[in-house]
Amino acid sequence: AQSVAQPEDQVNVAEGNPLTVKCTYSVSGNPYLFWYVQYPNRGLQFLLKYITGDNLVKGSYGFEAEFNKSQTSFHLKKPSALVSDSALYFCAVREADYGGATNKLIFGTGTLLAVQP
Amino acid sequence: DAGVIQSPRHEVTEMGQEVTLRCKPISGHNSLFWYRQTMMRGLELLIYFNNNVPIDDSGMPEDRFSAKMPNASFSTLKIQPSEPRDSAVYFCASSFRAERNQPQHFGDGTRLSIL
């Protein structure tokens, strides 16, 4: 079965410092991986995805994520955090291969990022 | 470009009443998803449609919940009768084709409170 784990409920970082939001996944085949951000009273916004190819994926607002197949991880990173990055971040996985597997996108429980000025 | 549009944004109603949530997906998208978000259970997929046809409704919690997609530009999620435990934020999302590498685009949700 597919699953996603976001081990940290909250990450605190000072503005200007680098940030990392962790995500690990479990699928039986190859994964498609996604990061979304949710601001208060808004829907989830797509940030970036890993499909295939380069393990470092660049996305919106200066975010990037690194796919590590051996560690089954897809951590979200940004070199310099902004106060405006404070939000709830969700990692999601979908199994890439067909053959009866579900087409559902499985979301993690979310990590609240708090950037202090 | 217009994103996914949901209405109403907020709904407060009494237990036992019928509730209808509406969604207009992004033009050209042919997959539509309904989610529910609560503090206790996080984000749950309720049902999704491909080309207006329901594909997987295994997440629909009870027979009180029903969803329809009469055409490519409109979907409804109905709760009848509503109960206080249905209080949540309900999101609609759409994607271009149901292919697995396509991201879903979310509306801003309907915050539902059942008294």
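Residues numbered from 1 in each chain as written. Chains lettered and ligands numbered in written order. Predicted model: local features only at pLDDT ≥ 70, side-chain atom pairs only at ≥ 80, totals over all residues. Heavy atoms only, no water.

Asker: A description of the packing of aromatic side chains should follow, citing residues and the corresponding values.
Answerer: Summed over the entire model, instances satisfying the criterion amount to 14 aromatic pairs over all chains. With 5.8 Å between their ring centres and 80° between their planes, Tyr36 of chain A and Phe106 of chain B make a pair best called edge-to-face. With one member in each of two chains, Tyr36 of chain A in strand E5 (residues 31-38) and Phe106 of chain B in strand E10 (residues 105-106) form a pair that bridges those chains. Phe106 of chain B shares its class with Tyr36 of chain A; the two are buried. Seen in terms of ring centroids, Tyr50 of chain A and Phe67 of chain A are 4.1 Å apart; in terms of plane orientation they differ by 20°. Their pairing is stacked. Taken as a pair, Tyr50 of chain A in strand E6 (residues 44-50) and Phe67 of chain A in strand E8 (residues 64-68) lie far apart in primary sequence, 17 residues in all. Taken together, Phe34, Tyr36, Phe46, Phe90 and Phe107 of chain A together with Tyr35, Phe91 and Phe106 of chain B form an aromatic cluster joined through their ring pairs. (Phe/Tyr/Trp six-rings, centres within 6.5 Å; stacked < 30°, edge-to-face > 60°. Helix = DSSP H or I, 4+ residues; strand = E, 2+ residues; numbered from the N terminus. Buried < 20%, exposed > 50% of the residue type's maximum accessible area, 1.4 Å probe, protein only.)

Asker: Lay out the nonpolar core in plain terms, naming residues and giving numbers.
Answerer: Here is a general trend for soluble globular proteins: nonpolar side chains tend to be buried in one another's company. Judged by nonpolar contacts, the single largest core of 27 residues is most densely connected at Trp35, Leu47, Leu48, Phe74, Leu76 and Tyr89 of chain A. For this core, the secondary structure elements donating two or more residues are strand E2 (10-14), strand E3 (19-21), E5, E6, E8, strand E9 (73-78), strand E10 (87-95) and strand E12 (111-116) of chain A. Those residues within four positions of Leu48 of chain A in sequence are excluded, and the remaining contacts are Leu33, Phe34, Trp35, Val57, Lys58, Gly59, Phe63, Glu64, Ala65, Phe74 and Leu76 of chain A. Core analysis: the second largest hydrophobic core is formed by 21 residues, Val19, Leu21, Ile26 and Ile47 of chain B among them. (Core = buried A, V, L, I, M, F, W, Y, C linked by side-chain atoms within 4.5 Å. Contact = heavy atoms within 4.5 Å.)

Asker: Explain the interface of chain B and chain A residue by residue, including any values.
Answerer: Taken residue by residue, the interface counts 20 residues in chain B and 23 residues in chain A. Summing both partners gives a buried area of about 1,900 Å² for chain B against chain A, and 47% of it is carried by carbon and sulfur. The largest per-residue losses of area from chain B upon contact with chain A belong to Arg100, Asn101 and Phe106 of chain B, which jointly make up 37% of the total buried on that side. Connecting chain B to chain A are one salt bridge. Asp108 of chain B is the salt-bridge partner of Arg42 of chain A, the closest N and O atoms lying 2.9 Å from each other. For the interface between chain B and chain A, the tally reads eight residue pairs in polar contact (both at pLDDT 80 or more). Contributing elements (two or more residues each) for the side of chain B that touches chain A: strand E4 (31-38) and strand E5 (42-50) of chain B. Looking at the side of chain B that touches chain A element by element, the count peaks at three residues for E5 of chain B. (Buried area = accessible area lost by both parts, 1.4 Å probe. Salt bridge = Lys/Arg side-chain N within 4 Å of Asp/Glu carboxyl O. Polar contact = N/O pair within 3.5 Å; in protein donor to acceptor, adjacent residues only side chain to side chain.)

Asker: Describe the sheet that holds strand E1 (residues 5-7) of chain B, naming the residues involved and giving the relevant values.
Answerer: Residue and element names in this part refer to chain B. As summarised here, the arrangement of the four strands in space is E1-E3-E8-E7, forming an open sheet in which the pairing is antiparallel. What marks the edges here is a single partner per strand, and that holds for E1 and strand E7 (65-71). Strand-to-strand, the axes of this sheet are offset by a mean angle of 15°, without reference to chain direction. As paired elements, strand E3 (residues 19-24) and strand E8 (residues 74-79) share five bridges and run antiparallel to each other. Across the sheet, residue Cys23 finds its bridge partner in E8, namely Ser75. (Pairing = 2+ DSSP bridges. Axes fitted to C-alpha atoms, helices over the stretch in contact; angles between N-to-C directions.)

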